[in-house]
Amino acid sequence: DAGVIQSPRHEVTEMGQEVTLRCKPISGHDYLFWYRQTMMRGLELLIYFNNNVPIDDSGMPEDRFSAKMPNASFSTLKIQPSEPRDSAVYFCASRFSGRAYNEQFFGPGTRLTVL
Amino acid sequence: AQSVAQPEDQVNVAEGNPLTVKCTYSVSGNPYLFWYVQYPNRGLQFLLKYITGDNLVKGSYGFEAEFNKSQTSFHLKKPSALGSDSALYFCAVMGRRALTFGSGTRLQVQ
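Calculation criteria
Residues numbered from 1 in each chain as written. Chains lettered and ligands numbered in written order. Predicted model: local features only at pLDDT ≥ 70, side-chain atom pairs only at ≥ 80, totals over all residues. Heavy atoms only, no water. Helix = DSSP H or I, 4+ residues; strand = E, 2+ residues; numbered from the N terminus. Rg over C-alpha atoms; globule rule 2.2 N^0.38 Å. Core = buried A, V, L, I, M, F, W, Y, C linked by side-chain atoms within 4.5 Å. Buried < 20%, exposed > 50% of the residue type's maximum accessible area, 1.4 Å probe, protein only. Contact = heavy atoms within 4.5 Å. Buried area = accessible area lost by both parts, 1.4 Å probe. Salt bridge = Lys/Arg side-chain N within 4 Å of Asp/Glu carboxyl O. Polar contact = N/O pair within 3.5 Å; in protein donor to acceptor, adjacent residues only side chain to side chain. Nonpolar A, V, L, I, M, F, W, Y, C, P; charged D, E, K, R; others polar. Disulfide = S-S within 2.5 Å.

**Looking at the overall build of chain B**
Within chain B, the secondary structure is distributed over zero helices and 12 strands. Helices and strands in chain B line up, N terminus first, as β-β-β-β-β-β-β-β-β-β-β-β. Relative to its length of 110 residues, chain B is compact, with a C-alpha radius of gyration of 13 Å against a globular reference of 13 Å. Seen through its principal axes, chain B has C-alpha atoms that stretch 40 × 30 × 20 Å.

Now the structure itself:
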């Protein structure tokens, strides 16, 4: 398996623009997670899905952020409009729910820079 | 709610010396505990986990972790540090369905 795939790996955009980050989880995994990593705040869980349904979005910073999972093999995280404080590395992770202690597998991340 | 704490932002150790990266946890019920490593410009990689049973858990790259229920700790250890071990290490605890991560500890092997 290729692991969790994220695109793009790097994104540079200007304030006010829409940004869409993409994730393909590992095949067969039924949980998908979006995290954000910054120096100031560390690793934050933004939202997670189970069987394509959003379960907990309490970590989403504000209404400018939205996430979707239209099918088991694809998810997007959208920021509209983007702001400089959104600059961070965004990680997608997935896991299989067969055991409560199954580990999460992380993608390589998308480094977002908002100018 | 579950949580983990990593009290050290950075740990420095000489190559060849043993290393310890500390983690304490707070959780109701039996904990499922994890260690992940992050190399520069990479995603987090799973190292090891504690589920139940033996308090000493062995993982990837020669790392091991010791679970101590009375001290609510899950410290990461390695008998002999390598330069390639320099990275950011995260402790995590499984909640209802998602991992909660600590703030991370940067390990610098000199």
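**Remarks on the nonpolar core**
In this structure, W35(B), L47(B), L48(B), F74(B), L76(B) and Y89(B) are the most contacted members of the largest nonpolar core, which totals 27 residues. Within the residue set of this core, elements represented by two or more residues are β2 (10-13), β3 (19-21), β5 (33-38), β6 (44-50), β8 (64-68), β9 (73-78), β10 (87-94) and β12 (105-109) of chain B. If you tally residues by element for this core, the top one is β10(B), at four residues. When sequence neighbours within four positions are dropped, the list of residues in contact with F74(B) reads C23(B), L33(B), F34(B), W35(B), L48(B), K49(B), Y50(B), A65(B), E66(B) and F67(B). One finds C23(A), I26(A), M60(A) and A88(A) within the second-largest nonpolar core, a separate group that totals 21 residues.

**Description of the interface of chain B and chain A**
Counting residues at the interface gives 18 residues for chain B and 21 residues for chain A. Interface of chain B and chain A: buried area, both sides summed, is about 1,600 Å²; carbon and sulfur atoms make up 57% of it. For the chain B face of the interface with chain A, the top three residues by lost area are L44(B), R97(B) and F101(B), together amounting to 32%. Along the contact surface separating chain B from chain A lie one salt bridge. Residue K49(B) is joined to E103(A) by a salt bridge in which the shortest nitrogen-to-oxygen separation is 2.7 Å. In this assembly, chain B and chain A are joined by nine residue pairs in polar contact (both at pLDDT 80 or more). Listed by contribution, the elements that provide at least two residues to the side of chain B that touches chain A are β5, β6, β10 and β11 (99-101) of chain B. Looking at the side of chain B that touches chain A residue by residue, the class counts come to 12 nonpolar, three polar and three charged.

**Quick look at the state of the cysteines**
Tallying each qualifying case throughout the model produces two disulfides over all chains. The partner cysteine of C23(A) in its disulfide is C92(A), sulfur to sulfur 1.9 Å. With the S-S bond torsion at -65 degrees, the cross-link from C23(A) to C92(A) turns out left-handed. Placement of C23(A) in strand β3 (residues 19-24) and of C92(A) in strand β9 (residues 88-95) is noted, with a sequence separation of 69 residues between them. Judged by relative accessible area, C92(A) falls into the buried class, the value being 0%. Disulfide pairing places C23(B) opposite C91(B) at an S-S distance of 2.0 Å. Across the S-S bond linking C23(B) and C91(B), the dihedral sits near -65 degrees, which makes this disulfide left-handed. Of this pair, C23(B) sits in the loop between β3 and β4 (24-26) while C91(B) sits in strand β10, and the two are 68 residues apart along the sequence. The class of C23(B) is buried, set by a relative accessible area of 0%.

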